[in-house]
Amino acid sequence: MPLSEHEQRMLEQMERALYAEDPKFASALEGSGLRTYTRRRVYQAVAGFLVGIALLMAGMVAKQVWLSVVGFLVMLGCAVLAVTGWRKAPKPGEQPAPGAAPVRGQARPKRSVMDRIEERWQRRRDEQGH
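Residues numbered from 1 in each chain as written. Predicted model: local features only at pLDDT ≥ 70, side-chain atom pairs only at ≥ 80, totals over all residues. Heavy atoms only, no water.

1. Some thoughts on the overall build of the protein
At step 1: Along its length, the protein carries five helices and zero strands.
At step 2: Starting at the N terminus and walking to the C terminus, you meet the elements of the protein as α-α-α-α-α.
At step 3: Going through the 130 residues of the protein one by one, you find that 15% of them count as buried. (Helix = DSSP H or I, 4+ residues; strand = E, 2+ residues; numbered from the N terminus. Buried < 20%, exposed > 50% of the residue type's maximum accessible area, 1.4 Å probe, protein only.)

2. Quick look at a nonpolar patch on the surface
At step 1: Judged by side-chain polarity, Val65, Val69, Phe72, Leu73, Leu76 and Val80 come together as a nonpolar surface patch covering roughly 570 Å² of accessible area.
At step 2: Note on placement: Leu76 falls in helix α4 (residues 65-88).
At step 3: Residue classification places Leu76 among the partly exposed positions, given a relative accessible area of 45%. (Patch = residues over 30% accessible without salt bridge, like charges linked within 9 Å, V, L, I, M, F, W, Y side chains within 5 Å. Areas by Shrake-Rupley, 256 points an atom, 1.4 Å probe, with all protein chains shown as cover. Salt bridge = Lys/Arg side-chain N within 4 Å of Asp/Glu carboxyl O.)

3. Quick word on the UniProt feature "transmembrane region" (unreviewed entry) in the protein
At step 1: UniProt feature "transmembrane region" (unreviewed entry): in the numbering of this structure it lies at residues 42-60 and 66-86.
At step 2: The distance separating the terminal C-alpha atoms of residues 42-60 is 27 Å; by composition the span is 100% helix and 0% strand. (UniProt positions renumbered as here; feature names shortened; annotations may be inferred.)

4. With respect to the side chain of Ser68
At step 1: Following the sequence through the fold, Ser68 ends up in helix α4.
At step 2: Classification of Ser68 as buried rests on a relative accessible area of 13%.
At step 3: One polar contact links the side chain of Ser68 to the main-chain amide nitrogen of Met60, over a distance of 3.2 Å.
At step 4: For Ser68, the residues in contact, after removing those within four places along its chain, are Leu55, Leu56, Gly59 and Met60. (Polar contact = N/O pair within 3.5 Å; in protein donor to acceptor, adjacent residues only side chain to side chain. Contact = heavy atoms within 4.5 Å.)

5. Some words on helix α5 (residues 113-128)
At step 1: Under the 1.5 Å per step criterion, the end-to-end length of α5 is 23 Å for 16 residues, consistent within 8% with the ideal 22 Å.
At step 2: Immediately downstream of α5, the backbone of Gly129 shows phi near 85°, a positive value. (Expected span 1.5 Å × (residues − 1).)

6. Quick notes on the pattern of salt bridges
At step 1: The tally for this structure, following the rule as stated, stands at one salt bridge.
At step 2: The residue Glu119 makes a salt bridge to Arg123 at a minimum N-O spacing of 3.4 Å. In this pair, Glu119 and Arg123 both sit in helix α5, four residues apart, roughly one turn of the helix.
At step 3: Its relative accessible area of 36% is what places Glu119 among the partly exposed residues.

7. Section: unusual backbone geometry
At step 1: Despite not being glycine, Lys63 has its phi angle at roughly 55°, a positive value.
At step 2: Considering the arrangement of structural elements, one finds Lys63 in the loop between α3 (32-61) and α4.
At step 3: The exposed category is assigned to Lys63, whose relative accessible area is 71%.

8. A word on the packing of helix α1 (residues 5-21) against α5
At step 1: Relative to each other, α1 and α5 sit at 140°, their axes nearing to 12 Å. In this view, α1 runs oblique relative to α5, as classed from their interaxial angle. Viewed along their axes, α1 and α5 form a crossing whose handedness is right-handed. Mapping the contact onto sequence places Glu7, Met10, Leu11, Met14 and Glu15 in α1 and Met114, Ile117, Glu118, Trp121, Gln122 and Arg125 in α5.
At step 2: Of the residues that constitute the contact of α1 with α5, the class distribution is six nonpolar, one polar and four charged. (Axes fitted to C-alpha atoms, helices over the stretch in contact; angles between N-to-C directions. Parallel < 35°, antiparallel > 145°, perpendicular 65-115°, else oblique. Left-handed = near helix turned anticlockwise from the far one by under 90°. Nonpolar A, V, L, I, M, F, W, Y, C, P; charged D, E, K, R; others polar.)

What follows is the structure in structure tokens.
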């Protein structure tokens, strides 16, 4: 259910007040921080994968089996990190549906603080009969 104009204005005022009061905390609540974190993690995993390839090749050239095994394990670990990080990364502008039931076996998606505040606000308005 979309917010009315009055509710939207009040929400924007609350957001502006939060940014004015504590900009560091407000920026931490934004979803773009999570996107940036997961993107950075994927890039680090790709760089680690390349290091693993270098270790694997160096072990083959130096005829050191243990170095090749370490390189392979580094590659494997980084590939897993990159794939899981990429799948977990939210798409730009994407938010989970507020009432969507989680798929069996998956954890319920975490809602942002602003979503919870908005939900409480709506519940109070509904209880008061407005």
